[in-house]
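Structural overview for review
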Amino acid sequence: MKRKWMAAALATVMFFAGGMTASAGSVSGSIGGVEFTAYSSIYAGGADAGTVSSGTHVSMSVSADYSYVNTISLKTGTSHQSMDRVTGAVVTFAAPGGCRSVRITASHSASSGSEHWSGSTSATY
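Small disclaimer: the values here were computed from a predicted structure and weren't measured.

This paragraph deals with the environment of Gly50. Turning to its location among the elements, Gly50 is positioned in strand 3 (residues 46–53). The sequence separation of Gly50 and Ala89 amounts to 39 residues, and the corresponding C-alpha distance is 5.4 Å. Excluding residues within four positions of it along the chain, Gly50 makes contact with Thr37, Ala38, Tyr39, Val62, Ala89, Val90 and His108.

Here it is in structure tokens:
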């Protein structure tokens, strides 16, 4: 009987967890006359973060930390990625098998000539 109750409780938790929606955080700005957006977004199976622009003369960077949890053992893990590019930098994470996303935090920067901007975003699942 105890196993049936535990199975029913787990099924209920998984049902409600499956209905969770993605989360995102973003900021926008302008540097050197070019608009850009910095963002973090997360969903059950992964996350991404980026600093993007439509201009061609703005250097962009993003450095992000992603955390996830194993849904059976509840052990947690983290991963880090960074990228520097002109016009846009984006990093993408995928949760390992049997895991789901927990949080992403990112530091962003943009520069053009002597102008510089930096900021941060985060998202939680």
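This brings us to unusual backbone geometry. Phi at Leu74 takes a positive value of approximately 65°, unusual for a residue other than glycine. A residue is classified by how much of its surface remains accessible, and Leu74, at 61% relative accessible area, is exposed.

This part is about the side chain of Ser101. Assignment of secondary structure puts Ser101 in strand 7 (residues 99–112). Owing to a relative accessible area of 0%, Ser101 belongs among the buried residues under this scheme. At 3.2 Å, the side chain of Ser101 forms a polar contact with the backbone nitrogen of Gly46. Excluding anything up to four places from it in sequence, Ser101 contacts Ile42, Tyr43, Ala44, Gly45, Gly46, Tyr66, Ser67, Tyr68, Ala95 and Tyr125.

As a further point, take the environment of Cys99. Here Cys99 lies in strand 7. C-alpha separation for the pair Cys99 and Gly46, spaced 53 residues apart in sequence, amounts to 9.5 Å. If near-sequence neighbours (up to four positions away) are discounted, Cys99 is found in contact with Tyr68, Val69, Asn70 and Thr71.

In the structure shown here, the tally under the stated rule is 3 aromatic pairs. Ring centres of Tyr66 and Tyr68 lie 5.9 Å apart, and the angle between their planes is 35°; on these two criteria the pair is classed as tilted. Side by side, Tyr66 and Tyr68 carry an identical accessibility label, which is buried. Members of the aromatic cluster, each reached through a chain of ring pairs, are Tyr66, Tyr68 and Phe93.

It is worth spelling out the sheet that holds strand 5 (residues 76–86) at this point. Across the sheet, 4 strands lie side by side as 5-4-7-8; this open sheet has antiparallel pairing. The sheet is open, and its two edges are formed by strand 5 and strand 8 (115–124), each paired on a single side. Neighbouring strand axes in the sheet, compared pairwise and without regard to direction, differ in orientation by 10° on average. Pairing of strand 4 (residues 59–70) with strand 7, which is carried by 12 bridges, proceeds in the antiparallel orientation. By the bridge assignment for strand 7, Tyr66 is matched with Ile104.

What follows is about the pairing of strand 5. Direction of pairing for strand 4 relative to strand 5: antiparallel, over a ladder of 11 bridges. Within strand 5, the position partnered with Tyr66 by the bridge is Ser79. Count of turn residues in the strand 4/strand 5 antiparallel hairpin: 5 residues, of which Leu74 carries a positive phi of about 65°.

On to the environment of Ile104. Of note, Ile104 is situated in strand 7. Taking the C-alpha atoms as reference, Ile104 lies 8.0 Å from Ala49; in sequence the two are 55 residues apart.

What follows covers the nonpolar core. With 22 residues, the main nonpolar core has Ile42, Ala49, Ala64, Tyr66 and Ile104 as its most contacted residues. Elements supplying a minimum of two residues to this core: strand 2 (34–43), strand 3, strand 4, strand 6 (88–94) and strand 7. Counting residues per element, this core draws most heavily on strand 4, at 5 residues.

Analysis parameters
- Residues numbered from 1 in each chain as written.
- Predicted model: local features only at pLDDT ≥ 70, side-chain atom pairs only at ≥ 80, totals over all residues.
- Heavy atoms only, no water.
- Helix = DSSP H or I, 4+ residues; strand = E, 2+ residues; numbered from the N terminus.
- Contact = heavy atoms within 4.5 Å.
- Buried < 20%, exposed > 50% of the residue type's maximum accessible area, 1.4 Å probe, protein only.
- Polar contact = N/O pair within 3.5 Å; in protein donor to acceptor, adjacent residues only side chain to side chain.
- Phe/Tyr/Trp six-rings, centres within 6.5 Å; stacked < 30°, edge-to-face > 60°.
- Pairing = 2+ DSSP bridges.
- Axes fitted to C-alpha atoms, helices over the stretch in contact; angles between N-to-C directions.
- Core = buried A, V, L, I, M, F, W, Y, C linked by side-chain atoms within 4.5 Å.

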